[in-house]
Amino acid sequence: MTAAMSEEIVHPDGRHELAPDVDAALGQSVLHNEDLAPVPVQKRTWTTYNYLALWVGMSINIPTWLLASGLVALGMAWYQAILIIAAANIIVLVPMLLISHAGTKYGIPYPVVARASFGVFGANLPALLRAGVACGWFGIQTWIGGTASFGLVGAVLGSGWTDADKLAIGFGWPAVAQPWTLYLSFLVFWAINIFIILRGMEAIKRFENWAAPFMIVVFLSLMVWMIFRAGGFGPVVSNPGRLGWGSEFWSIVPLSLMGMIAFWSTLSLNMPDFTRFGRSQREQAYGQALGLPTTMTLFPLIGVLTTSATVVVFGAELWDPVALTERLDNTLLIVGMLFVLAVATLSTNVAANVVSPSYDFSNAWPRRISFRTGGLITGVLGILIQPWNLLATPELYIFTWLGFYGGVTGAIAGVIIADYWLIRRTHLKLADLYRSNGIYRYASGWNWRAVVAFAIGAVVAVGGAYSGLDANGVPTGPFPQDGIISFLKPVYDYSWVAGLLVAFAFYWGFARFLPAREVAQPETAAAQPV
């Protein structure tokens, strides 16, 4: 058997790993480091519970609690809102599982998966685009977590902490003055995030394993306590909504569905960063299927039932859990709830916003940037974006910039899914993903088919970006009211899905009718079964 035919070992369950001598030889490659290398099978230990806990930990956060509130404000009944949220998360689970498969089968992270379609150097394009989105959200979520920590300490120390002298820190736009103690809380919370990521993926797994059941118990207890104090479920639950099941309801279903899909659509790209540690395809798929749709449905439901009870208890609909916490009349309860909100933000932030860019930055310069160094780069960029100023105008900088940026990533997903599932039929030549002269070199390390398909998908996705007008007729964002490309304006509301489908179709067409000269060898010829 030739060396090329014996480079991989295939296990009975279909998982691949490199032969030890091949893995050692690849250590000299500019595309290889310890963090990007395929995970040896004996170190792939994540079980169904680990993936379930991961999704519970990521899904329990303040924005998820508030998901139903936006739909109820549109006139939906609470049960209609919950059905929309459930359907959206079942839909987004599909591309997530399709992309996750490569991680478990080959033990490789997202940027290495992208090398097969974009080329060994071209993969930096989708990797760094994904990293940019994550860095933005890391800074924002860290500021939110720091704010919860600031309130927690303030509940104990009083006005001396909360009313401290204010500082205006920033560059590039007018800075918003904040108490210096709030900046300190942000930095402490930032340091906790970085500490966990520097401990590696096992530390993240242990943290999520602990945080998930803890938060479930706390928020269920809060719901039961509020319902008990209210003497029932309250008026929100009995409100049938103003839309009913007629044409008004169905007219807003597509946009509402897209909004809910967008919540986790970007993360679907980099799930191989986690599934590479999976003990089997079945366990990672079951864990994600049990964790994502269920938590993303049940946690907003807990938010609805708790909010409904607040109408009776406090005389107002308190959708925001921070506002609810502020109305509690027991200091110990306030401290406890603020601590839980900080943990919820931390569990989401570390897994959803730090893991991906850590691998993505490492992929850009494997010889110099490790996973931990990538995490530090993410942390520094999270400070430099000045989230305290971004949040001062969220409609412009968060929902416009990050929404626009996130829409582009759907095109990346389309290319990767088409390449891995349709063109390669899930067969990759593992060692060549780490060789600059292997079959994934294409043209100087770039596959023009993937780049062009991505570009077309991205233009279709966000080319129609537009800004509306507020009540005073002032534009709510930087885009033209009729869209950058006017005929694409209707597509922008469906940007992620549109980008995915268009890029998928174009990449398949390019690869089918203008194929690269070399393709991956069939699995039976490229690997040595054991």
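The structure presented is a predicted model; accordingly, all values stated were derived computationally and were not measured.

S.K.: Please provide a residue-by-residue account of the overall build of the protein chain, values included.
M.R.: Regarding its fold elements, the protein chain presents 23 helices and 5 strands. In terms of C-alpha radius of gyration, the protein chain reaches 24 Å, essentially the compact-globule figure of 24 Å for 530 residues. Along the first, second and third principal axes, the C-alpha atoms of the protein chain reach 75 × 50 × 45 Å. Every one of the 530 residues in the protein chain was classed for burial, and the buried ones make up 56%. Surface exposure of the protein chain reaches about 21300 Å², of which carbon and sulfur atoms provide 67%. Averaging the coordinates of the 28 positive side-chain charges in the protein chain and doing the same for the 28 negative ones gives two points 8 Å apart.

S.K.: Outline unusual backbone geometry, listing residues and values.
M.R.: For Arg 425, which is not a glycine, the phi torsion comes out positive at approximately 55°. As for its position among the elements, Arg 425 is in the loop between helix H19 (394–423) and helix H20 (448–462). Here Arg 425 falls in the exposed class, since its relative accessible area comes to 54%. The phi dihedral of Thr 426 is positive, around 70°, even though this residue is not glycine.

S.K.: Describe in detail the packing of aromatic side chains, supporting the description with residues and values.
M.R.: Counted according to the given criterion, the structure contains 29 aromatic pairs. Relative to Phe 277, the ring of Trp 46 has its centre 5.8 Å away and its plane inclined at 25°; by these criteria the two rings are stacked. One end of the pair, Trp 46, is in the loop between helix H1 (20–26) and helix H2 (48–59); the other, Phe 277, is in the loop between helix H13 (272–275) and helix H14 (281–314), and 231 residues separate them in sequence. For the pair formed by Trp 46 and Phe 277, the shared burial category is buried. Arranged with centres 5.6 Å apart and planes meeting at 50°, the rings of Trp 143 and Trp 388 form a pair that is tilted. Of this pair, Trp 143 sits in helix H7 (residues 124–157) while Trp 388 sits in helix H18 (residues 387–390), and the two are 245 residues apart along the sequence. Take Trp 143 and Trp 388: they sit in the same class, and that class is buried. Linked through ring pairs, Trp 78, Tyr 79, Trp 245, Phe 249 and Trp 250 together constitute an aromatic cluster. Over the aromatic face of Tyr 466 sits the side chain of Lys 489, whose NZ or CZ is 4.8 Å from the ring centroid.

S.K.: Account for a nonpolar patch on the surface, with residues named and values stated.
M.R.: Residues Leu 422, Ile 423, Trp 448, Val 452, Trp 508, Phe 513 and Leu 514 make up a contiguous nonpolar surface patch of roughly 610 Å² in combined accessible area. Elements represented by at least two residues in the nonpolar patch include exactly H19, H20 and helix H22 (495–513). When you line up the elements, Trp 448 lands in helix H20. Taking the relative accessible area as the measure of exposure, Trp 448 reaches 39% and is therefore partly exposed.

S.K.: Can you tell me about H22, naming the residues and giving the values?
M.R.: Structurally, the α-helix is built with 3.6 residues per turn, so residues lying three or four positions apart point the same way. Compared with an ideal rise of 1.5 Å per residue, which puts 19 residues at 27 Å, H22 spans 27 Å between its outermost C-alpha atoms and is within 8% of the ideal. Of all the residues in H22, the buried ones are Ser 495, Trp 496, Ala 498, Gly 499, Leu 500, Ala 503, Tyr 507, Gly 509, Phe 510 and Ala 511.

S.K.: Would you mind going over the packing of H2 against helix H16 (residues 331–364) in detail, with residue names and values included?
M.R.: Close contact between H2 and H16 brings their axes to 7 Å; oriented N to C, the two are set at 120°. The handedness of the crossing between H2 and H16 is left-handed. In this structure, H2 uses Leu 54, Gly 57 and Met 58 to contact H16, whose residues at the interface are Ala 344, Ser 347, Thr 348, Ala 351 and Ala 352. Taken together, the residues that form the contact of H2 with H16 break down as 5 nonpolar, 3 polar and no charged.

S.K.: Break down the side chain of Thr 325 for me, with residues and values.
M.R.: For Thr 325, the location among the structural elements is in helix H15 (residues 321–327). Sequence-distant contacts of Thr 325, that is, excluding residues within four places in its chain, are made with Ile 334, Met 337, Leu 338 and Leu 341.

S.K.: Residue-level account of the environment of Gln 178, with values.
M.R.: By the secondary structure assignment, Gln 178 is in strand S4 (residues 177–179). A sequence separation of 211 residues divides Gln 178 from Asn 389, and the C-alpha atoms of the two residues are 9.9 Å apart. Discounting chain neighbours no more than four positions away, the residues touching Gln 178 are Trp 143, Asp 165, Lys 166, Leu 167, Tyr 183 and Trp 388.

S.K.: Summarise the pattern of salt bridges; cite the residues concerned and give the values.
M.R.: Side chains that differ in sign of charge can pair as their charged atoms come close. Considering all chains together, one arrives at 7 salt bridges under this definition. Lys 205 is the salt-bridge partner of Glu 202, the closest N and O atoms lying 3.3 Å from each other. On the criterion of helical spacing, the pair formed by Glu 202 and Lys 205 is a turn pair, its members being 3 residues apart in helix H10 (residues 201–230). A salt bridge links Asp 432 to Arg 435; the nearest nitrogen and oxygen atoms lie 2.8 Å apart. Classification of Asp 432 by relative accessible area gives buried; the value is 4%. If you follow the salt bridges from partner to partner, you end up with Glu 7, Lys 429, Asp 432 and Arg 435 in one network.

S.K.: Give me the nonpolar core: which residues, what numbers.
M.R.: Membership of the largest hydrophobic core comes to 139 residues, with the highest contact counts inside it found for Ile 108, Met 201, Phe 219, Trp 264, Phe 274, Leu 433 and Phe 454. Setting aside its immediate chain neighbours within four residues, Phe 274 contacts Trp 46, Tyr 51, Leu 54, Met 201, Ala 351 and Val 355. If you look at the next biggest cluster of nonpolar residues, it comprises 7 residues, including Trp 161, Leu 182, Tyr 183 and Trp 388.

S.K.: How would you sum up H20? Please name residues and give values.
M.R.: Here H20 spans 21 Å end to end across 15 residues, near enough to the 21 Å set by a 1.5 Å rise per residue. When we look at burial in H20, the residues that qualify are Arg 449, Ala 450, Ala 453, Phe 454, Gly 457, Ala 458, Ala 461 and Val 462. Looking straight down H20, one finds its buried side chains confined to an arc of 155°; they lie on one side.

S.K.: Help me get a handle on the confidence of the model for the protein chain, residues and values and all.
M.R.: Per-residue confidence for the protein chain gives a mean pLDDT of 89; residues scoring 70 or more make up 94%. In this model, residues 1–5 is a region of pLDDT below 50 whose contacts with residues beyond four sequence positions or in other chains number 8 contacts. Scored below 50 in pLDDT, residues 519–530 shows 33 contacts in the model against residues more than four places distant or in partner chains.

S.K.: Run through the environment of Leu 267, naming residues and quoting values.
M.R.: Within the secondary structure layout, Leu 267 lies in the loop between helix H12 (247–265) and H13. Along the backbone, Leu 267 and Ala 24 are 243 residues apart, and their C-alpha atoms lie at a distance of 31 Å. Excluding residues within four positions of it along the chain, Leu 267 makes contact with Trp 55, Met 58, Arg 130 and Ala 352.

S.K.: Lay out the environment of Leu 187 in plain terms, naming residues and giving numbers.
M.R.: Summarising the element assignment, Leu 187 is placed in helix H9 (residues 180–198). Separated by 96 residues in sequence, Leu 187 and Glu 283 have C-alpha atoms that sit 37 Å apart.

The rules behind these values
Every chain begins its residue count from 1, and numbering advances along the sequence as written. Only residues with pLDDT of 70 or above have their local features reported here, since the model is predicted, and side-chain atom pairs are shown and tallied only from 80 upward, although totals for entire chains, interfaces and linings are computed over all residues. To obtain the side-chain values, all non-hydrogen atoms of the structure were included, while hydrogens and water were left out. A run of H or I in DSSP becomes a helix once it reaches four residues, and a run of E becomes a strand once it reaches two; helices and strands are each numbered from the N terminus. Two things to know: the radius of gyration comes from C-alpha atoms, and the globule rule equals 2.2 Å times the number of residues to the power 0.38. Residue exposure (1.4 Å probe, protein chains only): buried if accessible area is under 20% of the type maximum, exposed if over 50%, otherwise partly exposed. Only the protein chains shown count as covering a residue, and every accessible area follows the Shrake-Rupley method with a 1.4 Å probe. In this charge count, Lys and Arg are treated as positive and Asp and Glu as negative; neither His nor the chain ends contribute. To locate a charge, take NZ of a lysine, CZ of an arginine, CG of an aspartate or CD of a glutamate. Put simply, two rings from Phe, Tyr or Trp (the six-membered ring, in Trp's case) pair if the centres are within 6.5 Å, and we call them stacked under 30 degrees between planes, edge-to-face over 60, tilted for the rest. For a ring to carry a charge above it, either NZ of a lysine or CZ of an arginine must fall within 6 Å of the ring centroid while also lying within 35 degrees of the normal to the ring plane. Patch criteria: residues need more than 30% relative accessible area and no salt bridge. Like-charged residues are merged within 9 Å; nonpolar side chains of Val, Leu, Ile, Met, Phe, Trp and Tyr are merged within 5 Å. When a carboxyl oxygen of Asp or Glu lies within 4 Å of a side-chain nitrogen of Lys or Arg, that pair is called a salt bridge. A helix is expected to span 1.5 Å multiplied by its residue count minus one. What counts as an axis is a line fitted to C-alpha atoms, over the stretch in contact for a helix, and the angles between N-to-C directions run from 0 to 180 degrees. By the definition used in this description, the sense in which the near helix is turned from the far one sets the handedness, with an anticlockwise turn below a right angle giving left-handed and a clockwise turn giving right-handed. Note on contacts: a residue pair qualifies if any of its non-hydrogen atoms lie within 4.5 Å across the two residues. When residues are grouped by polarity, Ala, Val, Leu, Ile, Met, Phe, Trp, Tyr, Cys and Pro land in nonpolar, Asp, Glu, Lys and Arg in charged, and all others, Gly among them, in polar. Throughout, nonpolar core names a set of buried Ala, Val, Leu, Ile, Met, Phe, Trp, Tyr and Cys residues whose side chains join them through atoms within 4.5 Å. Starting at the helix axis, one direction is taken to each C-beta atom, and the arc is that of these directions. pLDDT is a residue-level measure of predictor confidence that goes from 0 to 100.

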